[in-house]
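Residue strings, one per chain:
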Amino acid sequence: RLCCRGNTTRRFSRPSGAALHPGPRGPRGHRAPRRRTEATAQAHSSPGDMAVYFDHRIEAPDSNGAPCQIAWHSSQPVLGVASLSPAAGGSVDLYLQQGEHVGNSHIERPFQPTVLRWHPAKPVLAVGWETGEVLLHTHPTGEQTTLSSAHSACITLLEWSSNGSRLVTGDQLGVLAVWRADARGRLQGAPLVKHDYGKPLTCCVFRPAPPGEDVAQLARAAVSGDESALDMFGWRKAGKGTSLKLGPQEGLSCFVSTDDGGVHCLDEKGKSSQVLSADGPVQKLLYLERRDMLVVITETLLLSQYSVGPEGGTQELMKVKLSGKSGHGADMDWAGQGLLITATGEVVIRLWDLERDDNYVLSLDVNLGFESGETLNCVSYCAAKGILAAGTGRGRIAMWRKVHLTNQSGQKTDGKGQWHLQTPTEVEGNVTQLQWGSGLNLLAANGVSTVLILSEHVMSAHFSQQVAAVQLTPNQLSLSYFSTGAQHSLRTDMHVKGICVAKDTVTVWNGKQVSVFEPAGGALCSAGSFPCESLVLAMHEENIYTVEPNRVQVRTLQGTVKQLLAFSEVEGTPALLNVCRTFLAVGTDTMHVKVFDLSRREAKPHCTAKNLAELIPGLGALSSVKCNANGSQVSVLVTRADGSPDCRVYFYDVEMDILTYFDFSTGRPPTGSFQAEEPERAHSDSSELCGRCPVTQFWDESEPRLFVCETEAMDPAMLSPARVEQDEVLVVSFFTTQEHGLLLQDSYPRPAGVQGLLALDVPFYYFTCKPGESEGAPAPSSAPQMVSRRAMRDFVGLEDCDKPTRDAMLNFSFYLTIGDMDEAFKSIKLIKSEAVWENMARMCVKTRRLDVARVCLGNMGHARGARALREAEAEPELDARVAVLATQLGMLEDAERLYRSCRRFDLLNKFYQASGQWQHAVETAETHDRVHLRATYYSYAKHLEAIREHGLALEHYEKSDTYRFEVPRMLLEDPRALEDYVKKMNDKSLYKWWAQYMESQSDMATALQYYGYAQDYLSLVRVHCYLGNVQKAAEIANETGNRAASYHLARQYESQEEIKQSVHFYTRAQAYNNAIRLCKENGLDDQLMNLALLSNPEDMMEAACYYEEKGAHMDRAVMLYHKAGHFSKALELAFSTQQFAALQLIAEDLDETSDPALLARCSDFFITHAQYQKAVELLVAAKKYHEALQLCLDQSLTITEELAESMTVCRGSRELPEDARRELLERIADCCMRQGNYHLATKKYTQAGNKIKAMRALLKSGDTEKIVFFAGVSRQKEIYIMAANYLQSLDWRQDPDIMKNIISYYTKGRALDLLAGFYEACAQVEIDEYQNYEKALGALTEAYKCLAKAKVRSTEEQEVRLAELQHKLTLVKKFVQARRLYKEDPGEAVRLCETLLEDPDLDPAVRIGDAYGFLVEHHCQQGSFQVAHRKLEEMQKRLPSVNVSYYISQRSLEALSHAVGLPLGRPGRRDSGG
């Protein structure tokens, strides 16, 4: 009994001749491509998904009762089973992966075993009994150890820590013990800790250890010189960096629950504390490591989540009631991070996603073989396989595979959508317990009466020399002989693990025994059998090749070793064997490959062993080694060091001793592309092949250049939306030669209904297929059951061709691939068959060789195809042109794929329409080709109309927005249906069409009704006029104001000579020319004027001429000429008729574009009538600027900026020469100066280029900011000096910026004499205002320097000024020196000051008051008040009106007054000089 996984599921009953039950193909999600290493089964196994589950009943002793408990070891394939017999009591036994009983493992007691727990690493099983005994059983020694009597009641709890260093035991009375285990899993003496909780213990869960530092990674970093890593290891000086902190290797704290709902935390030291209390007996404790969260589930299915603190304290996060049967023992398991699965005996299992706070249910499907109402009792999840298994009450195991599908937006599907139900596996009895376990991912099922072990096995298959063998059951094979069409079935007495076939022999083996069979008389008979533990095997003629350490054995069919092919220790032990023609390729466990020549009596080395580990970085192991037919190439598939499959196929050239590869992750070989001369094709090929991984590989048995491999998508989500599901598996073939390297020959999706590629033998690909589907294969096939063959692309239609034709086609394909067209056509020049040419044309679709296709179409006589191909050259995309070829050859699927690949959805839309695939055409237009959406709807509607599907045609005519004329045309033969449609649509266009139709049928009443619905007022008026209802027509025209209706009615009234009504409706229709015509003809002068003003200029001119000719109403004629834009005529008529008011209106519309003579005439008119402002404007418009300016001066008219600008002629204008232009601008500026408009004058002077006058005008304005700006931009010496002079007139003492500008402008203007004068003034200000002689000295020094540098006309005058400045400098310098010297030598300072007072020219250089004040202050400080008083009197004599307090401090004056006894001096004023 077995069941397949993946694409095929099979169910077998134990009796022979069982029927096969194919299961449906399910959706396939993201997974790593599964590449099965050949050494695990046999060297020629079929790939694909031909994996099955073989079940093995345990070989239980007869004395055992019904099994009640099962437990797998986590890594070793050992299953512990506890049984209970009413008569004999309880027992515990161990079983291996095929159900074999372990002889020394039987443990028997007269009481029941209650709990089984394996050590997490060591083969030690802990068994709890109902008497309180705890027994440790060691496998395979059979050693048994009973723990000391720590418990006296039924054991309810056994739990190992994560590494097995602790064992927690608990019993029904609430006694809990913690035991220490050594490195071998043996317990040491008495328990470490013992607690009595007084309540039965129910569950225990260990808390994982917090993460520590990665020691291995840190060590590598430290060795490479990483300073931070060295610091953490303490390998550097103390005090640098942080020490290495390692987390504990395992978590030793745990949580224990009792049946009263209490949960206790037991820390690493054994201290226990209650951390929470649940609302009922605890059924399950779970720990979510990623979120550090404890999950508690009670027997009433109340789920609580608690966050766990560092010390074990908990805090409730959430509490929720789970759905399900209360009171029924629920089975629970984790299915990944935070996904809880529960089975409570219902028809569904429930999944709770604790991280996403989501829940959903999974149910069974009766279409897959389940029964209605079938309940689910138990669950178990295998993370390695992504399979959720559930046992039912009717003896079935349901399996859901976890897939990662993507939705249309590219996001991965979560929740229920990621679980895909498989066809069930049937077992015996009610399944009460399931458990995945061991490193082999075995599934054990407890069926009440027995236990079954389900192991996965990849079905073996092999093809060679037109013979194919496929394994059906563990001991049954299906054999197909394609050369004869014979079909055989072979049943063996062993579980077959590998098959190898040759022309006349079939060899099977199971790793212990090899059996050989030969056909004889329509059956297969045994030709030999011998023991052999080789896991791989190959055959060539009468030789069998097996392996043992460091050598390959060459045996006879009876097992006799006749030759040994030795391998050195470095070369390793052979692990992979492959025979192709007369060559044997060997791959070893040390990643060496070696080829042997088998063409002679004895095998000879064809090359030395090649170490691929030196050439392939990161190589982990060889998974497949194959050689070609002449032994020149060896292809290799490998796995990386991390165990993942490599995306490359490696090719070792034996003769050249070089290794190349093709990388399917990029879709390119290392050289970058296949055909450099066709970059577009190379890009298309690489995009199709990228993101894949090879899973199997084969060489053709006779053609050494031809290689094929089967690839799977690394992630189906990466596939483009245009590629269908089977594109996940792609069959890719190459030509490989020394000269041209690797060349892509073909690639196509694996055909539907097949399992995997089995072999390549020109002209066919051979596939293993689903049972019963091979006979329905589209390609010719004589294999009736498990193998199907498909013709190669180049041989479609030539499957039965002879060998010369086959060789010619292969050569043609090869030369076509390398682009050698001469050789390609030479290889087929002798072929005359039209079928061959057609086949080659089809080949050109795949190779995209349109040049070759033209030749093929010519030889086929396919004129229509040749023309279509020539017309397709206008398309820019190569794939679009190739799609045209595919269409002409009837390769519609290829054409569709090509149009999609180049995203030419417009052409794809046309293709669908032409091929009658209207639904696809509409979908394509709606999603990708919306430009042609309406056209597509229209074409589809025409098609539906042609096939009399009027209902759908109506719908699509509406979508195409062509229903207004297409639907009436289509339904014209059914007037009632058409009228109903018109009424339903409520469309004005349809109403109008129906009204016109009714009018054509003389049904005027209905026509009027529908014209009204359509709001077609013209037709309403027209029909009413036709019926003589002119008054009704007039009402409609007046109410609606419709111009067309009014025009029609006006014509009607005109024909009836009702002129006023006709004029009225012509006016409403805005047909003013007709109304004017009637007014002129009938003398309606009053209405004529109004109509003319409403009409266009031509009608106005016509009406004006009418009035002028008539001689009456000349004012109307002038106005109409004016409105029509004929100013000269209007003015002439106004002058001649002396209409001054009209002249005023006309002049307002005159501008510079008017006739200058006309403007001059008007200006004269306005001057005569004292309208000077208007006259000036007209003179300016006539470009008579001087006259306009003179008029402004004569009549004192203010020149505004707008007027000045209108009189300004642009530079370079042809109206005036440049000199005249400047003169005009200066005259304008002069006028502005006279009027006091200084800013405007400045502007005009500047435009005239006279900046000096501009500056003068600006100075008169007094606008300091603009003066500074203008001086800065003008950069003329005179202007700088003028600006500085102006700024000196301001309060520059209070504004530093003005002072800076004065100095800057005098400097830039090179007026150093003026600058010297300014500095001298500054010095005087410092003396007079601030008594700051130091600054004054600096200013005088600067003044002296400037004056010395100045260039003046009179040298004598300069020398006089310099002498005066020098004298001032000397005096000021002495006074400053006296002040500075006072602190050091007061006497000398006083002497200097008295000397200064003797100088008659002291003032104004040094004020006399300052000198006397200095002396008075000195004598007061010295206490010489009499001397001070004398000096004060001298000062008062020299300066009679001086204010003494200005020079002498108040304190000194008070002291002097008190000392001398005199009142303070009378107040005086400050002298101007002193």
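Since we're looking at a predicted model, the values are computed, not measured.

The rules behind the values
- Residues numbered from 1 in each chain as written.
- Predicted model: local features only at pLDDT ≥ 70, side-chain atom pairs only at ≥ 80, totals over all residues.
- Heavy atoms only, no water.
- Helix = DSSP H or I, 4+ residues; strand = E, 2+ residues; numbered from the N terminus.
- Buried < 20%, exposed > 50% of the residue type's maximum accessible area, 1.4 Å probe, protein only.
- Contact = heavy atoms within 4.5 Å.
- Areas by Shrake-Rupley, 256 points an atom, 1.4 Å probe, with all protein chains shown as cover.
- Pairing = 2+ DSSP bridges.
- Core = buried A, V, L, I, M, F, W, Y, C linked by side-chain atoms within 4.5 Å.
- Axes fitted to C-alpha atoms, helices over the stretch in contact; angles between N-to-C directions.
- Phe/Tyr/Trp six-rings, centres within 6.5 Å; stacked < 30°, edge-to-face > 60°.
- Lys NZ or Arg CZ within 6 Å of the ring centre and 35° of its normal.
- Polar contact = N/O pair within 3.5 Å; in protein donor to acceptor, adjacent residues only side chain to side chain.
- Salt bridge = Lys/Arg side-chain N within 4 Å of Asp/Glu carboxyl O.
- Parallel < 35°, antiparallel > 145°, perpendicular 65-115°, else oblique.
- Left-handed = near helix turned anticlockwise from the far one by under 90°.
- Nonpolar A, V, L, I, M, F, W, Y, C, P; charged D, E, K, R; others polar.

> Please clarify how the overall build of the chain should be interpreted in this entry.
Helix and strand counts for the chain stand at 46 helices and 62 strands. Scored against the burial criterion, the 1474 residues of the chain give a buried share of 51%. When contacts within the chain are restricted to residue pairs at least 6 apart in sequence, those whose partners lie at least 24 apart make up 48%. On the chain, roughly 66500 Å² of surface is accessible, and the fraction owed to carbon and sulfur atoms is 48%.

> Which parts of the structure should I look at to understand the environment of Ala527?
As for its position among the elements, Ala527 is in strand E42 (residues 523-531). Remark: the alpha-carbon pair of Ala527 and Val506, spanning 21 residues in sequence, is separated by 9.3 Å. Setting aside its immediate chain neighbours within four residues, Ala527 contacts Val516, Phe517, Glu518, Leu557 and Gln558.

> Looking at this structure, how should I read the environment of Ser105?
By secondary structure assignment, the location of Ser105 is in the loop between strand E5 (89-95) and strand E6 (107-109). Sequence spacing of Ser105 and Gly142 is 37 residues, and the spatial spacing of their C-alpha atoms is 5.6 Å. Setting aside residues no more than four positions away along its own chain, Ser105 makes contact with Val92, Asp93, Leu94 and His137.

> It is not clear to me how the pairing of strand E45 (residues 551-555) should be interpreted in this structure. Could you clarify?
Note on strand geometry: in a regular strand, side chains alternate between the two faces of the sheet. The element E45 is largely enclosed, with a buried count of four among its five residues. For strand E44 (residues 543-548) and E45, the ladder comprises five bridges, and the chain directions are antiparallel. Paired with Tyr545 across the two strands is Val554, which belongs to E45. Taking the residues that link successive antiparallel strands as the turn, the E44-E45 hairpin has two residues, and the phi of Asn550 there is positive, at about 65 degrees. From the end of E45 to the start of strand E46 (residues 561-566), which pair antiparallel, there are five residues, and Gly559 there has a positive phi angle of about 100 degrees.

> Is there a simple way to explain the nonpolar core in this structure?
In this structure, Val1372, Met1435 and Ile1448 are the most contacted members of the largest nonpolar core, which totals 63 residues. With sequence-adjacent residues up to four places away left out, Val1372 is seen in contact with Tyr1333, Leu1337, Leu1340, Ala1405 and Val1406.

> I tried to follow helix H14 (residues 950-959) on my own but got confused; where do I start?
Along an α-helix, residues three or four apart share an orientation, since each turn contains 3.6 residues. Every buried residue of H14 is accounted for by Ala953, Leu954, His956 and Tyr957. Next to the buried residues of H14 lie helix H13 (933-946), helix H15 (963-970) and helix H16 (975-985). Immediately beyond the C-terminal end of H14, within one or two residues, lies Asp961, with a positive phi of roughly 60 degrees.

> I would appreciate a short explanation of the sheet that holds strand E7 (residues 113-118) in the present structure.
Two orientations exist for strands paired in a sheet by backbone hydrogen bonds: parallel and antiparallel. Overall, antiparallel pairing links the four strands, which are arranged E7-E8-E9-E10 in an open sheet. Each edge of the open sheet carries a strand with a single partner, namely E7 and strand E10 (144-146). Averaged over all pairs of adjacent strands, the angle between their axes in this sheet comes to 20 degrees, without regard to strand direction. In this structure, strand E9 (residues 134-138) lies alongside E10, joined through three bridges in antiparallel fashion. Pairing of Leu135 across the sheet is with Thr146, part of E10.

> Just checking my understanding: could you explain the packing of aromatic side chains for this structure?
In this description, a pair of aromatic rings is defined by centroid distance and the angle of the planes. Taken as a whole, this structure holds 31 aromatic pairs when the rule is applied. The ring of Tyr661 carries the charged tip of Arg648 above its face, separated from the ring centre by 4.0 Å. Lying over the aromatic face of Phe814, Arg705 brings its terminal NZ or CZ to 4.7 Å of the ring centre.

> Just checking my understanding: could you explain the sheet that holds strand E53 (residues 633-640) for this structure?
Strand order in the open sheet formed by four strands is E52-E53-E54-E55, with antiparallel pairing between adjacent strands. Because the sheet does not close on itself, it has two edges, and the strands there are strand E52 (619-627) and strand E55 (658-663). For this sheet, the mean inter-axis angle between neighbouring strands, taken without regard to orientation, is 30 degrees.

> Whenever I open this one, the side chain of Thr169 confuses me. Can you help?
Secondary-structure assignment places Thr169 in strand E12 (residues 166-171). Taking relative accessible area as the criterion, Thr169 reaches 0% and is therefore assigned buried. Within polar-contact distance, the side chain of Thr169 engages the side chain of Trp179 at 3.0 Å. Thr169 has contacts with Val134, His151, Leu157, Leu158, Val175, Leu176, Ala177 and Trp179, leaving out every residue within four places of it along the chain.

> Explain the pattern of salt bridges here, please?
Once the charged atoms of two side chains with opposite charge are near each other, the side chains can pair. What the rule picks out here adds up to 39 salt bridges. Among the ionic pairs, Asp663 bridges to Arg648, the shortest N-O distance being 3.5 Å. One end of the pair, Asp663, is in strand E55; the other, Arg648, is in strand E54 (residues 648-653), with 15 residues separating them in the sequence. The shortest N-O distance in the salt bridge between Arg1022 and Glu999 comes to 2.5 Å. Of the two residues, Arg1022 sits in helix H19 (residues 1017-1026) while Glu999 sits in helix H17 (residues 988-1000), which places them 23 residues apart along the sequence. Each of Glu371, Glu374, Arg394, Arg396 and Glu426 takes part in one network of salt bridges that share partners.

> Is there a simple way to think about the environment of Arg790 in this case?
If you trace the backbone, Arg790 turns up in strand E62 (residues 787-791). As a C-alpha pair, Arg790 and Tyr766 span 24 residues in sequence and 6.5 Å in three-dimensional space.

> Explanation requested: the packing of helix H6 (residues 834-847) against helix H7 (residues 850-860) in the structure shown.
When two helices pack together, you describe them by how their axes are tilted relative to each other and by the distance separating the axes. Running from N to C, H6 and H7 point in directions that differ by 155 degrees, and their axes come no closer than 9 Å. By the angle between their axes, H6 is roughly antiparallel relative to H7. Seen from above, H6 lies across H7 with left-handed handedness. Residues Glu834, Trp837, Glu838, Met840, Ala841 and Cys844 of H6 pack against Val852, Ala853, Val855, Cys856, Asn859 and Met860 of H7. Along the lines of polarity and charge, the residues of the contact of H6 with H7 split into nine nonpolar, one polar and two charged.

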